[in-house]
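What follows is the residue order along each chain.
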Amino acid sequence: MITQQTRQMSFEDIKQKTQIRYDQILDRLDKPKTAKEIAQELYEIGLIPSNERNYTSPRLTELGKMGIVKVVGKKKCNWTGKMVAVFEKV
């Protein structure tokens, strides 16, 4: 029973943090952007500890599954030179 309780407490903590990240991402999506561009903006204003896209990409995928954002194209990433998805709010 204790492990189930601690697991539930951890889930509730993560759920709150995930919602905060959703809100931060959606606030930055004033125009179509890549996961890296959003991460860079969040880093510059001090909301995340580095500009790694891994802070935003999983949440963008989840927001896409919820129908809140969608992929509207692709473009070459300014940092990596690779083709990446561009997201916008639905």
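Residues numbered from 1 in each chain as written. Predicted model: local features only at pLDDT ≥ 70, side-chain atom pairs only at ≥ 80, totals over all residues. Heavy atoms only, no water.

Colleague: Which residues make up the side chain of Glu37, and what values do they have?
Modeller: On the secondary structure map, Glu37 appears in helix 2 (residues 35-44). Only 2.5 Å separates the side chain of Glu37 from the side chain of Lys75, close enough to count as a polar contact. Filtering out sequence-adjacent residues up to four positions away, Glu37 remains in contact with Pro32, Lys75, Asn78 and Trp79. (Helix = DSSP H or I, 4+ residues; strand = E, 2+ residues; numbered from the N terminus. Polar contact = N/O pair within 3.5 Å; in protein donor to acceptor, adjacent residues only side chain to side chain. Contact = heavy atoms within 4.5 Å.)

Colleague: Now, about the nonpolar core: what can you tell me, with residues and values included?
Modeller: In summary, soluble globular proteins display a tendency toward joint burial of nonpolar side chains. Ranked by size, the top nonpolar core spans 13 residues in total, and within it Ile25, Leu29, Ile38, Leu42, Leu60, Leu63 and Val69 carry the most contacts. Taken together, the elements giving at least two residues each to this core come down to helix 1 (2-28), helix 2 and helix 3 (57-65). In contact with Ile38, other than residues within four places in its own chain, are Ile25, Arg28, Leu29, Lys33, Thr56 and Leu60. (Core = buried A, V, L, I, M, F, W, Y, C linked by side-chain atoms within 4.5 Å. Buried < 20%, exposed > 50% of the residue type's maximum accessible area, 1.4 Å probe, protein only.)

Colleague: Could you give an account of the pattern of salt bridges, naming the residues involved and the relevant values?
Modeller: The full count for this structure, using the stated rule, is five salt bridges. Residues Glu41 and Lys33 are paired through a salt bridge, measuring 2.9 Å at the closest nitrogen-oxygen approach. As far as the burial class goes, Glu41 and Lys33 line up, both buried. Between Lys75 and Glu37 there is a salt bridge; the shortest N-O distance is 2.5 Å. Of this pair, Lys75 sits in strand 1 (residues 69-76) while Glu37 sits in helix 2, and the two are 38 residues apart along the sequence. Judged by its relative accessible area of 31%, Lys75 is partly exposed. Through salt bridges with shared partners, a single network forms among Arg28, Asp30, Lys33 and Glu41. (Salt bridge = Lys/Arg side-chain N within 4 Å of Asp/Glu carboxyl O.)

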